[in-house]
Amino acid sequence: MENGAMMQYFEWNLPNDGNLWKQIKADSKHLHDIGVTAVWIPPAYKADEQQDEGYATYDLFDLGEFEQKGTVRTKYGTKKELTEMVKELHKYQISVYLDTVLNHKTGADFTEKFMAQEVDPQDRNHMLTEPYEIQGWTGYNFPGRKDAYSDFKWHYYHFSGTEMDDAQRKTGIYRILGENKYWSENVDSENGNYDFLLGNDIDLKHPEVIKELNKWGIWVAKELGLNGIRMDAIKHMDAQFIKQFLEALRAELGEDYYAVGEYWNGDLDTLDSYLDSVGNKLNLFDVPLHYNMFGASQSGKEFDMQKILDNALAVNRPTLAVTFVDNHDSQRGSSLESQIEDWFKPLAYGLILLMKDGYPCIFYGDYYGISGKKSPHRLIIEILLDARKKYAYGDMDMYFDHPSTVGFVRKGDEEHPNSGLAFLMSNGEAGNKVMNIGEEHKGEVWYEITGNIKDEVTIDEKGNGNFTVSARNLAVWIKKA
């Protein structure tokens, strides 16, 4: 969708009250009105306990429908509420992307005995023991679902690793042994091989596993009417599985079925090579840009703003980048904590929502708040979303020529009357910059829409305007009606 904007509609600290699906349904019109065109929802299937956020996956086919793990609903609600929510979002032309966790399973139904070797957590290719028999919680028969939707049963040979020898009550990382079984090669090289993350690590090379997960991906898309998926933890997953998985889904669901992957790595070359390995079949979150903005927020005026877009995926792979400020993984207290300081968040959102490239994602915590505490950024995000919808069109000329004050102009286009804008941000003193928006704008009066600057600017004969920005702030200038 033109100038689309995604919202991640959850954060780590939501209450376990089963109300999220109902909340999103009630919020659908409002999301449409402010310019949100897609919603990324959390994992909607049964976890190992009700309060889990959904990443400790138990049963992919239980969308809050069966009595399992002591509950029918998930943390977020029931399947009926989930389907009603999707229909309501679609009524307002909002796409729905499901968070999809295919790397691991937890909360098994029974133990099994099998051969394994304990490995070094810092180097998973280094074996700490000789092969020996362990007992692990690796058996899944989903007794509450009683074969509805799928009669597939999971056993130890469907996994490549597990985290506990139950016979000895000993935790560790155990590589499960078997014919043609080893860690996946097409994963991140951290810790020697980063295939194993937690729980029971799914063997994504096993033909029965591939068939079952492909079946589930198509089933859940049709069952809920999804428009796409967000794929969790793909740095730990076999890249060739991801490639074939998306090909299988799109063969059934259409080529426009959307996918974005979470490959949490700040190195552009790593993300580049990953995209090549999966045939550019999915978008990636722009982690390098997130870390640039995090560094800028930490360093204040010491950060060289000319480098804010250095190695950003949005610059190097503009059609494959999902830009974001923060998310549930970077928020304070999370495993990948790198939360951007509050003073810099308006600047960061201005950048990702108004620049030409990248598909921006707004974080629930930044718009609604964390742990029930209201966010101070809601108004500025709404102003920027409105500007994206109305004015952020046309070519972009960058003015990243000062260590503190940088900006760009969007030239506008004929399809969107009065479109075009000038954007500035400063991490130090108040600043100004002469920027050219085109001779066709000569004589126009422009004003600043966030309310930070009261003066107006008249565009000169050559299409130049002398635009200003307040200290440690952003400014968005548009044509006065």
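In what follows, the structure referred to is the one given above.
Residues numbered from 1 in each chain as written. Predicted model: local features only at pLDDT ≥ 70, side-chain atom pairs only at ≥ 80, totals over all residues. Heavy atoms only, no water.

A. Structural context of the overall build of the protein. If you tally the helices and strands in the protein, you get 10 helices and 27 strands. Counting only C-alpha atoms and orienting by the principal axes, one finds that the protein spans roughly 80 × 45 × 40 Å. Every one of the 481 residues in the protein was classed for burial, and the buried ones make up 60%. Of all intrachain contacts in the protein linking residues separated by at least 6 positions in sequence, the fraction that spans at least 24 positions is 70%. Total accessible area computed for the protein in this model is approximately 19,000 Å², and 46% of it derives from carbon and sulfur atoms. Where the 51 positive side-chain charges of the protein centre and where its 78 negative ones centre are 5 Å apart. (Helix = DSSP H or I, 4+ residues; strand = E, 2+ residues; numbered from the N terminus. Buried < 20%, exposed > 50% of the residue type's maximum accessible area, 1.4 Å probe, protein only. Contact = heavy atoms within 4.5 Å. Areas by Shrake-Rupley, 256 points an atom, 1.4 Å probe, with all protein chains shown as cover. Lys, Arg positive; Asp, Glu negative; His and termini not counted. Charge placed at Lys NZ, Arg CZ, Asp CG, Glu CD.)

B. The arrangement of the sheet that holds strand 27 (residues 473–479) in detail. Across the sheet, which stays open at both edges, the 6 strands sit in the order 20-21-22-27-24-25 with antiparallel pairing between neighbours. Strands at the two margins of the open sheet, each flanked by one partner only, are strand 20 (396–399) and strand 25 (457–458). Note: strand 22 (residues 421–426) against strand 27, 5 bridges, orientation antiparallel. Paired with Met425 across the bridge in strand 27 is Leu474. Taken strand by strand, helix 8 (residues 345–354) contacts strand 21 (405–410), strand 22 and strand 27, and its axis lies near 150° from that of strand 22. (Pairing = 2+ DSSP bridges. Axes fitted to C-alpha atoms, helices over the stretch in contact; angles between N-to-C directions.)

C. Local environment of the pairing of strand 5 (residues 95–100). Of all 6 residues making up strand 5, 6 are buried, and the element is well covered by its neighbours. The two faces of strand 5 match: Ser95, Tyr97 and Asp99 on one face and Val96, Leu98 and Thr100 on the other face are all buried. Examined bridge by bridge, strand 2 (residues 38–41) and strand 5 share 4 bridges and lie parallel to one another. Opposite Val39, over in strand 5, you have Val96 as the bridge partner. One ladder, built from 4 bridges, connects strand 5 with strand 13 (residues 228–231); its direction is parallel. Bridging across to strand 13, Tyr97 finds its partner in Gly228.

D. How the structure looks around the pairing of strand 16 (residues 321–324). In strand 16, alternate side chains face the same way, and those of Ala321 and Thr323 on one face and Val322 and Phe324 on the other are all buried. Relative to strand 16, strand 15 (residues 283–285) runs parallel, the two being bridged by 2 bridges. Across the sheet, the residue bridging to Phe285 is Val322, located in strand 16. Note that strand 16 and strand 17 (residues 359–363) share 3 bridges and pair parallel. Bridge assignment links Val322 to a residue of strand 17, and that residue is Tyr359.

E. A look at the nonpolar core. Core analysis: the largest hydrophobic core is formed by 133 residues, its most contacted members being Ile242, Met293, Ile308 and Leu351. Excluding its chain neighbours within four sequence positions, the residues that come into contact with Met293 are Ile308, Phe324, Val325, Ile340, Phe344, Ala348, Leu351 and Ile352. Among the nonpolar cores identified, the runner-up in size contains 14 residues, and Tyr399, Ile459, Phe467 and Val469 belong to it. (Core = buried A, V, L, I, M, F, W, Y, C linked by side-chain atoms within 4.5 Å.)

F. Molecular detail of the pattern of salt bridges. Under the definition given, this model contains 35 salt bridges. When the shortest N-O distance is used, the salt bridge between Lys22 and Glu81 registers 3.9 Å. Taken together, the residues Lys22 in helix 1 (residues 20–34) and Glu81 in helix 2 (residues 79–91) connect sequence positions 59 residues apart. The shortest N-O distance in the salt bridge between Lys345 and Asp326 comes to 2.9 Å. With a gap of 19 residues between them, Lys345 in helix 8 and Asp326 in the loop between strand 16 and helix 8 connect regions that are remote in the sequence. Of the two residues examined, Lys345 and Asp326, each falls in the buried class. The network of salt bridges with common partners includes Asp99, Arg230, Asp232, Glu262 and Asp329. (Salt bridge = Lys/Arg side-chain N within 4 Å of Asp/Glu carboxyl O.)

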